[in-house]
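# Residue-level structure breakdown
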Amino acid sequence: MTETTLPAPLWRRLTAAVYDGLLLVGLAFATVIFFGIGCWALGVEANENEKALRFCLFAVGLGFFGGSWTNGGQTLGMRVWQLRVRRLDGSALRWPTAAVRYAVMSVVWGAPMIAVALLSSPTLAARHPNYELPGVAVLAILTGAFVLSLLDARKRAPQDWLSGCEVVVEPKQKA
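Read on for an overview of the structure. Bear in mind the structure is a predicted one, so any value in this text is a computation, not a measurement.

## Observations regarding the pairing of strand E3 (residues 165-169)
The element E3 is extensively covered by neighbouring structure, given that five of its five residues are classed as buried. Where strand E1 (residues 6-7) lies against E3, two bridges are found, and the strand directions are antiparallel. Its bridge partner being in E3, proline 7 is matched across the sheet by valine 168. Pairing geometry for strand E2 (residues 83-87) and E3, over five bridges, is antiparallel. Bridge pairing links arginine 87 to cysteine 165 in E3.

## Digging into the sheet that holds E2
The strand order E1-E3-E2 describes an open sheet built from three strands, whose pairing is antiparallel. Two strands in the sheet have a free side with no partner beyond their single neighbour: E1 and E2.

## Looking at the nonpolar core
If you look at the biggest cluster of nonpolar residues, it comprises 16 residues, and the most contacted ones within it are Trp69, Met78, Leu83 and Val85. Elements represented by at least two residues in this core include exactly helix H2 (50-70), E2, helix H4 (95-119) and E3. Once residues within four sequence positions are removed from consideration, valine 85 is found in contact with Trp69, Gly73, Met78, Leu93, Arg101, Cys165, Glu166 and Val167.

## Describing the environment of valine 169
Tracing the chain through its elements places valine 169 in strand E3. The exposure class assigned to valine 169 is buried, which follows from its relative accessible area of 13%. The spatial distance from the C-alpha of valine 169 to the C-alpha of threonine 5 is 6.0 Å, given a sequence separation of 164 residues.

## Remarks on the pattern of salt bridges
Enumeration over the complete set of coordinates arrives at eight salt bridges. Of the charged contacts in the structure, one is a salt bridge between arginine 54 and glutamate 50, with a shortest N-O distance of 2.4 Å. On the criterion of helical spacing, the pair formed by arginine 54 and glutamate 50 is a turn pair, its members being four residues apart in helix H2. Residue classification places arginine 54 among the exposed residues on the basis of a relative accessible area of 55%. The exposure class of glutamate 50 is partly exposed, given its relative accessible area of 44%. Salt bridges sharing common partners tie together Arg13, Arg101 and Asp160.

Cut-offs used in this document
Residues numbered from 1 in each chain as written. Predicted model: local features only at pLDDT ≥ 70, side-chain atom pairs only at ≥ 80, totals over all residues. Heavy atoms only, no water. Buried < 20%, exposed > 50% of the residue type's maximum accessible area, 1.4 Å probe, protein only. Helix = DSSP H or I, 4+ residues; strand = E, 2+ residues; numbered from the N terminus. Pairing = 2+ DSSP bridges. Core = buried A, V, L, I, M, F, W, Y, C linked by side-chain atoms within 4.5 Å. Contact = heavy atoms within 4.5 Å. Salt bridge = Lys/Arg side-chain N within 4 Å of Asp/Glu carboxyl O.

Following this line, the structure appears as structure tokens:
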């Protein structure tokens, strides 16, 4: 890490993630629509192809994030907030690294949604007396990861640790 590149603060990373999340929601809607049209054209029930739809959604997300990270190191949200993802040696990400980073990021961002669903499920509450334990466990793990990323000198999140990456603030361009 040189003096011209600083680790990205958490607030900036989260703000960029909101931008990218909104773009991803749009891509997911388009994917679901095209998937439904494709199933209709083939005469296949879309409901019977849930795994195929999940794979398509994952692939579209990987294409969006992986393509951005391997071609310049920035998604649109990262570009707005002057952030760049790179390997720890300062080099650009390659597809295998981007795929690992995206897979871990999907789990990290998906886990809070799963935890909320587990904690607010009346069906689970009626069937299982300790239904809230998995949700609490997921939240505890995420809280630990959040605290560790705040303590890390490079402000790395779990997806950065496991893929050997870091997110840095781009140096200001001199006019």
